[in-house]
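Topology and contacts: notes
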Amino acid sequence: MITGKQFRDMIISGANNISNYKDEVDKLNVFPVPDGDTGVNMSMTIRASVRELERLPDNIAIEKVASIAASALLRGARGNSGVILSLLFRGFDRGMRGQETADTTCFVKSLQYGIEAAYNAIMKPTEGTILTVARVAVEQTIDEAAEMDFVSLLERIIAVQKETLAETPELLPVLKRAGVVDAGGMGLIIVFEGMLSVIRDNVIIEPSEQKPISSVENTGVYAKDIADDMTNEYCTEFLVMKNGRSDAIKLRHSLETIGNSVLCVDDTELIKCHVHTLEPNRALEVALEQGYLSDIKIENMYEQYLRLQNEKDAKEHNIIDTKEEFEYVAPGEEEYGFVAVSVGNGLHNLLIDIGIDKTVEGGQSMNPSTDDILAAVHSVAAQNVFVFTNNKNIILAAEQAVKLADRNIIVIPTLSVPQGISAMLAFDKTVSIEKNVITMKEVIEQVKSGSITYAVRDSNIDGKTIKEGEILGLIGGKIAFTDNSTYTAAIRLARRMIDKNTNFVTIIYGEGISETEANTVSEVILARTKHVEVSVVDGGQPIYSYLISTE
């Protein structure tokens, strides 16, 4: 049997382990484009649960640990690998309900529930991925789990996972051609090895890098204090307007019995008070005995701490966390609203101009979490909100937000910003949601998307030898050619994408590309292809010098 404490520590240890090895996992990504973020996504996803788990007492029931972890992972899920990891942990929530502790059979059955949830969430599951690594390990251990102790069980699960991972190149040809195993499968093994450390060695793997925690701005409260003393997490401030019986010393003594960091500044007409407490209501009740209250402010310091840490993590890993930009509004009388994922001020402005209500910053290598998307949706005062994902690695995270929202979310699985723009322009408020979805998907299929980026490492893809730093032309996410110039690459890309049925070409240029260069690319295309209309847009997007679409 394992207790809630052990399971809590197992998840924390697994999270720390994948955090330590995230860069190694990232390097397993097949394509040499700058989107190798499987390790980062899995790390960020599971770490979303760590700070909540660290606060739990040792005598907690295992069902509570599983519930808290599953909820945190779901909201923090980033990218396909992160969403799948969160779904695997959702199985623990289902399988451990009503349990104080869990035996080996319960543990494996919970994993089975998670695998079922993951497979059901993906329209076309691909074998040779993290799904296969997770599934085969459960299939080969579930019948014998009852006869094993937890150390033997986890060792057996990990052994099967490693065997299956080694076979992934045979199941997925693209892995074999690149000479790597599946990155998500490797990440899952690293998580389980961290979990095993707690059961076998009674050791929680620690993060490899301990960084100082910066202070919380504008509050006078330090994040380290928050982390060290989470029993008094509400920063409570107020003014007591004095009456004839007010006593600042008595008030300070009373507040010290229910909290710490107590400050009572006695002035002629008022007492300014500050206290960290778990019971802000009691602090206010005590203060009311001294006079009436004004300028009351109660803030959850733990949320402040989490926000700062998440912002640091996001900055460190080039992941943009935007939920703080959005304020919740209840669904209003407006029937439809629109949210799109994009990056760069130019693209943001363009999307707003065509009717998008809110944009979530993100895209390739910068996958927003489920919670980020949910926050954007909840900031739109509409009953039905369309979400244009504009990237294949964001679709699953958006689909998880559907289950958490207090209004109807319709996910439109656009793979690029140009597809999102075309889908938005196809919206017709006079017809049903179902009809709009059909029309949007038809329009998406007519949009070809290409991009210009650069190689982050040497590689060999489909017989193409690619050197780090080379310019890459991609069509539909696949590498079409390499070049030494973004200018010539953009022209080559457009020419390959244009055919006799093409009517419109959109060129969205990003950071580091001048308007002059982009216009010159447009002029060359027009000179060589008379039957098309070309639009040039300053997208301002990073990483991708050009995004080009044809319709």
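Further up the page is the structure itself.
Residues numbered from 1 in each chain as written. Predicted model: local features only at pLDDT ≥ 70, side-chain atom pairs only at ≥ 80, totals over all residues. Heavy atoms only, no water.

**Here we look at the nonpolar core**
Rules: Residues belong to one nonpolar core when they are buried, are Ala, Val, Leu, Ile, Met, Phe, Trp, Tyr or Cys, and are joined through side-chain atoms within 4.5 Å. The buried label applies to any residue whose accessible area, calculated with a 1.4 Å probe on protein chains only, is under 20% of its type's maximum; exposed applies above 50%, and partly exposed to all values in between. Secondary structure elements are taken from DSSP: a helix is a run of H or I of four residues or more, a strand is a run of E of two residues or more, and numbering for both begins at the N terminus.
Phe7 and Phe107 are the most contacted members of the largest nonpolar core, which has 89 residues in total. Among the elements that take part in this core, helix 10 (residues 183-201) stands out by supplying ten residues, more than any other. Counting 26 residues, the second largest nonpolar core, distinct from the first, contains Leu347, Leu351, Ile412 and Tyr544.

**A closer look at the packing of aromatic side chains**
So the rule is basically this: What counts as a ring pair is set by centres within 6.5 Å for rings of Phe, Tyr and Trp (its six-membered ring), and what kind of pair is set by the plane angle: stacked under 30 degrees, edge-to-face over 60, tilted for all other angles. In this scheme, Lys NZ or Arg CZ marks a charge over a ring once it lies within 6 Å of the ring centre and within 35 degrees of the ring normal.
A complete count under the given rule lists nine aromatic pairs for this structure. Here the aromatic rings of Phe7 and Phe92 are separated by 5.1 Å at their centres, their planes lie at 65 degrees, and the arrangement is edge-to-face. Highlighted residues: Phe7 in helix 1 (residues 4-20) and Phe92 in helix 5 (residues 79-95), separated in sequence by 85 residues. Like Phe92, Phe7 is buried. Both rings, one in Phe338 and one in Phe386, keep their centres 5.6 Å apart while their planes meet at 20 degrees; by these two values the pair is stacked. In this pair, Phe338 is assigned in strand 5 (residues 334-342) and Phe386 in strand 7 (residues 382-388), connecting sequence segments 48 residues apart. No difference in accessibility class separates Phe338 from Phe386, as the two residues are buried. Site record: aromatic cluster; members linked through ring pairs are Phe7, Phe89, Phe92, Phe107 and Phe150. Sitting over the ring of Tyr113, Arg94 keeps its end group 3.7 Å from the ring centre.

**What to know about the pattern of salt bridges**
Operational definition: Should a side-chain nitrogen of Lys or Arg be within 4 Å of a carboxyl oxygen of Asp or Glu, the pair is scored as a salt bridge.
With the rule as written, the count across this model stands at 19 salt bridges. The partner of Arg156 in a salt bridge is Glu144, with the nearest N and O atoms 3.9 Å apart. Here Arg156, found in helix 8 (residues 150-171), pairs with Glu144, found in the loop between helix 7 (130-139) and helix 8; they are twelve residues apart in sequence, far enough to count as distant. Of the residues examined, Arg156 reaches a relative accessible area of 27% and is grouped as partly exposed. In this structure, a network of salt bridges that share partners links the residues Lys5, Arg8, Asp9 and Asp58.

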